[in-house]
Amino acid sequence: MKFSRHFAWAGLALISALAFSLVLGHPASAQGLRQPQATGTPRTACGKDVKCVQSAGDALIVKRVASLQAFITRINAHQRLTADQKTALVGDAQTNITNLQNWQHKLDGETTIDAARSDVRGIFTQFRIYAVVLPRDEGEAYLDALATVQGKFASNEDKINQAIQAAAAKGINVTQEQGQFSDLQAKVTDANTQIGNARALIPSLTPANYPGTTATLVQYRAGMKAARVDLTAAGQDLKNIIAELKAAGVTGGTPTVVATP
């Protein structure tokens, strides 16, 4: 097999575009992560009516199951997550759905008002779907998307540098582009650190750790926001490098190895 080289701006431009469209427009972006909802036992006018309490609890479970199913639909349709990432996220959501449905079966089988009310409280205290589970899992999906963009930048840094050096070899002043490239590298490195720090918080985001998870979620979101800002800046650096080199008369982009028979 032999290899030929050609110049193509499109691949790098796509990475820059991803930094804006995927990172900023992701449905689970750092600004849009689900906020914890109030918890506790909902007040009803059920009195000692067991069936009434069961009906109220069933409605709470159905709502949570629907939210988890909607999450699964979004993850399965996501074009920037790997099969393994989707499997992990969908698996966690499905486990919570199964556990909630089992809890509903338990609730519907109760014969005393105290047991029924205890089961309704458990919908909040045992599961924390809105306060912990969905914020955590939506954030994890977003981290996966950020990591995809970060990885594309990191794997193409040599090619970006080659384009700049090729321009310099033609006598073009690339001082500005070299500065932008250095900034890009720093931003990509920091994004990787921020993503790793946020991922490290995931194991502590469990229903059992509530309400301590509220403060952890603040850190979690902060890490995602910092990574998003880094990658957006890197995207702007790359966009500027491409535009400036084109304006200077560089007709190609970075050398890309293409296999030919």
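Here, the structure is the one placed above.
Residues numbered from 1 in each chain as written. Predicted model: local features only at pLDDT ≥ 70, side-chain atom pairs only at ≥ 80, totals over all residues. Heavy atoms only, no water.

Draft legend 1. Quick peek at the overall build of the chain. Broken down by element type, the chain carries eight helices and two strands. Listing every helix and strand of the chain by position from the N terminus yields β-α-α-α-α-α-α-α-α-β. Classification of the 261 residues of the chain by burial places 44% in the buried group. For the chain, restricting intrachain contacts to residue pairs at least 6 apart in sequence, the fraction spanning at least 24 positions comes to 85%. Surface summary for the chain: the accessible area is close to 12700 Å², and the carbon and sulfur share equals 54%. (Helix = DSSP H or I, 4+ residues; strand = E, 2+ residues; numbered from the N terminus. Buried < 20%, exposed > 50% of the residue type's maximum accessible area, 1.4 Å probe, protein only. Contact = heavy atoms within 4.5 Å. Areas by Shrake-Rupley, 256 points an atom, 1.4 Å probe, with all protein chains shown as cover.)

Draft legend 2. Structural view of the nonpolar core. Core analysis: the largest hydrophobic core is formed by 34 residues, its most contacted members being Leu143, Leu146, Phe153, Tyr220 and Leu245. Among the secondary structure elements, those contributing two or more residues to this core are α5 (129-155), α6 (157-169), α7 (175-199) and α8 (213-247). Take this core: its biggest share by element is ten residues, from α8. Ranked by size, the runner-up nonpolar core spans 29 residues in total, among them Ile72, Val90, Ala93 and Leu134. (Core = buried A, V, L, I, M, F, W, Y, C linked by side-chain atoms within 4.5 Å.)

Draft legend 3. Region of the structure containing helix α3 (residues 83-108). Between its first and last C-alpha, α3 extends 37 Å over 26 residues, near the 38 Å set by a 1.5 Å rise per residue. Of all the residues in α3, the buried ones are Gln85, Lys86, Leu89, Val90, Ala93, Asn96, Ile97, Leu100, Trp103, Gln104 and Leu107. Contacts made by the buried residues of α3 are with α2 (50-77), α4 (113-127) and α5. (Expected span 1.5 Å × (residues − 1).)

Draft legend 4. Molecular detail of α7. Over its 25 residues, α7 extends 36 Å from the first C-alpha to the last, a length consistent with the 36 Å expected when each residue adds 1.5 Å. Taken as a whole, α7 has its buried residues at Glu177, Gln180, Phe181, Leu184, Val188, Ala191, Gln194, Ile195 and Ala198. Taken together, the buried residues of α7 touch α5, α6 and α8.

Without other data, these values stay purely geometric and don't point to any function.
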